[in-house]
Amino acid sequence: MFTVPAIGQTGTLSHATTAGRGIMKVDGKHYRSIWRDPQSGQVRIIDQRWLPHEFRVVTLDSLDLFATAIRDMWVRGAPLIGATAAYGMAVRVGENPSDKALERARATLLDTRPTAVNLRWALDRVTKRLLPLPTRERARAAMRLAESIAEEDIEINRRIGRHGLDVIRTIAMNKPDGEPVRLLTHCNAGWIATVDWGTATSPMYHAHDAGIPIHVWVDETRPRNQGALTSWELGCHGIGHSYIVDNAGGHLMQHGLVDMVITGTDRTTANGDVCNKIGTYLKALAAHDNAIPFYVALPSPTIDWTVDDGVRNIPIEQRASSETTHVTGRTPDGSIRAVQVSPDGTEGSNPAFDVTPGRLITGLITERGVCEASGTGLAGLFPEFASA
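Residues numbered from 1 in each chain as written. Predicted model: local features only at pLDDT ≥ 70, side-chain atom pairs only at ≥ 80, totals over all residues. Heavy atoms only, no water.

## Description of the overall build of the chain
Line of reasoning, step 1. A tally of helices and strands in the chain yields 14 helices and 18 strands.
Line of reasoning, step 2. Relative to the globule expectation of 21 Å for 388 residues, the C-alpha radius of gyration of the chain, 20 Å, shows essentially globular dimensions.
Line of reasoning, step 3. Here the C-alpha coordinates of the chain stretch approximately 65 × 55 × 45 Å along the principal axes.
Line of reasoning, step 4. Looking at the chain as a whole, 56% of its 388 residues qualify as buried.
Line of reasoning, step 5. Sequence-distant contacts, at least 24 apart, represent 74% of the contacts inside the chain between residues at least 6 apart.
Line of reasoning, step 6. Between the averaged position of the 40 positive side-chain charges in the chain and that of its 43 negative side-chain charges there is a distance of 5 Å. (Helix = DSSP H or I, 4+ residues; strand = E, 2+ residues; numbered from the N terminus. Rg over C-alpha atoms; globule rule 2.2 N^0.38 Å. Buried < 20%, exposed > 50% of the residue type's maximum accessible area, 1.4 Å probe, protein only. Contact = heavy atoms within 4.5 Å. Lys, Arg positive; Asp, Glu negative; His and termini not counted. Charge placed at Lys NZ, Arg CZ, Asp CG, Glu CD.)

Next comes the structure, spelled out in structure tokens:
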């Protein structure tokens, strides 16, 4: 696989430029979605199963817990899955640094979720770094690498936001004074799906902080209602938004109420196809029919340079049917429960992702800039990986 590429003028990402660059807060306190406690050394995450109703922090201290956290979506989002896997490898190597334990840890974590390529990218990067080292050096090197991956993710997403800000600013310049740029987003590609900043949300935060008025249409994103996480994030940051049902997007576009669609991605192919949460393809079709720009924000570790045809070659995760037949929410008495919405005996089907062909995408917003969704476009920004 590949390492995080050089960014900016001539230098590469460094700890000095990435440390402390996140800005996301909960109740006025800064959080990352995953971090290592400086006092105890334990790895902690925000347990997303309870959001947006309850904010809970849990400690992950074993390989099995890391695998469960990824598989059962205590953490979610391709960049965060990759960072979590790197920390999981580090914790396991701290217990047993042998080759056998390292390979078993990689296999265990790789088996958790099949679609997000950041998982494989992080595991391959850790394995490649550790195998040549003496076993006595592996634990420290693994934790340092995990923390580097987290820091790099923050800086990559910050830069995505800066490039996305230019896109939003251009749209704003053609709007009447004071009228907000109306963005529509699907799923949650926010800071809670990365280490900080988010991908699709990073341009929103940058635009809001730059004084550009925006309003965000937030898809509920069935079946797991991840739009509620986006709504929670935007509310914490003071950004105006409306929570809408998934099928409202086409109607809003037809009536001129959407200026730009922006989503994240779990895997982008070398030719610009984008795999994202189920329903993204339909949004792209509606945007294309209404001549509305459709952008995808992606960090370079999400690009799978080994795949050219996303529709045929990206494995689509099939999740439990109970996610479609039941809905989890907060009841009037304050408890959080799952309730059945389908008739008894109804079988559910739950493909978690779909693929949007590059021809429907206006542009890919990366940490190196914006390009067309094609092999040529990606090769122009990342020639060293395209040629390999």
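## Points about empty space enclosed by the protein
Space left empty within the atom packing is revealed by a probe, the size of a water molecule, rolled over the atoms.
Line of reasoning, step 1. All told, the structure shown has three cavities of 30 Å³ or more when counted by the stated rule.
Line of reasoning, step 2. The computed volume of the largest cavity comes to approximately 160 Å³.
Line of reasoning, step 3. Taken together, 19 residues line the largest cavity, and the ones lying closest to its centre are Arg-76, Gly-77, Ala-78, Asn-188 and Asp-266.
Line of reasoning, step 4. Tallied by class, the residues present in the lining of the largest cavity amount to seven nonpolar, eight polar and four charged.
Line of reasoning, step 5. When its volume is computed, the second largest cavity comes out at roughly 70 Å³. (1 Å grid on protein atoms, 1.4 Å probe; cavity = no way out; pocket = protein on both sides within 12 Å on 5 of 7 lines; lining within 4 Å. Points joined across faces, edges and corners; volume = space filled by probe spheres on them. Nonpolar A, V, L, I, M, F, W, Y, C, P; charged D, E, K, R; others polar.)

## Focus on the sheet that holds strand β5 (residues 57–60)
Line of reasoning, step 1. Read across the sheet, three strands follow the order β3-β4-β5 without closing on themselves; strand pairing throughout is antiparallel. Only two strands of the sheet have a single partner each, and these edge strands are β3 (34–36) and β5. Taking each pair of neighbouring strands and ignoring which way they run, the sheet shows an average axis angle of 30 degrees.
Line of reasoning, step 2. Two strands pair when backbone bridges link them, and strand β4 (residues 43–46) and β5 are joined in this way by four bridges, in the antiparallel orientation. (Pairing = 2+ DSSP bridges. Axes fitted to C-alpha atoms, helices over the stretch in contact; angles between N-to-C directions.)

## A short note on the packing of aromatic side chains
Line of reasoning, step 1. Per the counting criterion, the structure on display carries six aromatic pairs.
Line of reasoning, step 2. Here Tyr-31 and Trp-35 contribute two aromatic rings whose centre-to-centre distance is 6.0 Å and whose plane-to-plane angle is 65 degrees, an arrangement assigned as edge-to-face. Neither Tyr-31 nor Trp-35 differs from the other in exposure class; each is buried.
Line of reasoning, step 3. On the numbers, 6.3 Å between centres and 65 degrees between planes, the contact of Trp-305 with Phe-382 is edge-to-face. One end of the pair, Trp-305, is in the loop between β13 (303–304) and α11 (310–313); the other, Phe-382, is in the loop between α13 (375–381) and α14 (383–387), with 77 residues separating them in the sequence.
Line of reasoning, step 4. Exposure remark for Phe-382: the relative accessible area of 0% places this residue in the buried category.
Line of reasoning, step 5. Counting every residue linked through ring pairs, the aromatic cluster contains Tyr-31, Trp-35, Phe-55, Trp-191 and Trp-232.
Line of reasoning, step 6. In this structure, Lys-277 packs its charged tip against the face of Phe-353, placed 4.5 Å from the ring centre. (Phe/Tyr/Trp six-rings, centres within 6.5 Å; stacked < 30°, edge-to-face > 60°. Lys NZ or Arg CZ within 6 Å of the ring centre and 35° of its normal.)

## Some thoughts on the nonpolar core
Line of reasoning, step 1. Counting residues in each nonpolar core, the largest one holds 77 residues, and the members touching the most others are Trp-191 and Ile-214.
Line of reasoning, step 2. It is helix α6 (residues 135–173) that contributes the most residues to this core, 14 residues altogether.
Line of reasoning, step 3. Once you skip the residues sitting within four places of it in the chain, Ile-214 turns out to touch Ile-168, Pro-180, Val-181, Leu-183, Met-204, Ala-207, Ile-239 and Gly-240.
Line of reasoning, step 4. Leu-252, Val-261, Trp-305 and Phe-382 belong to the second largest nonpolar core, which has 28 residues in total. (Core = buried A, V, L, I, M, F, W, Y, C linked by side-chain atoms within 4.5 Å.)

## As for the layout of surface pockets
Line of reasoning, step 1. Its volume calculated, the largest pocket comes out at about 630 Å³.
Line of reasoning, step 2. Gln-48, Arg-49, Leu-51, Arg-224 and Thr-328 are the residues nearest the centre of the largest pocket, which is lined by 25 residues in total.
Line of reasoning, step 3. Tallying contributions element by element places strand β14 (residues 326–330) first for the lining of the largest pocket, with four residues.
Line of reasoning, step 4. Residue classes in the lining of the largest pocket are distributed as eleven nonpolar, eight polar and six charged.

## Focus: helix α7 (residues 202–209)
Line of reasoning, step 1. The buried fraction of α7 is high, at six of eight residues.
Line of reasoning, step 2. Every buried residue belonging to α7 is among Ser-202, Pro-203, Met-204, Tyr-205, His-206 and Ala-207, and all of these are buried.
Line of reasoning, step 3. Where the residues of α7 are buried, they touch α6, β6 (181–185), β7 (214–219), α8 (227–237) and β9 (260–263).
Line of reasoning, step 4. Directly beyond the C-terminal end of α7, a positive phi value near 85 degrees is found at Gly-211.

## Looking at unusual backbone geometry
Line of reasoning, step 1. Between Leu-51 and the following residue, Pro-52, the backbone shows a cis peptide bond with an omega angle of 5 degrees.
Line of reasoning, step 2. You can see Pro-52 is positioned in the loop between β4 and β5.
Line of reasoning, step 3. For the peptide bond that leads from Arg-222 to Pro-223, omega is 10 degrees, which places it in the cis range.
Line of reasoning, step 4. Within the secondary structure layout, Pro-223 lies in the loop between β7 and α8.
Line of reasoning, step 5. In this model, Asp-27 sits at a positive phi of 50 degrees, which is unusual for a non-glycine residue.

On their own, these measurements won't tell you what the molecule is for.
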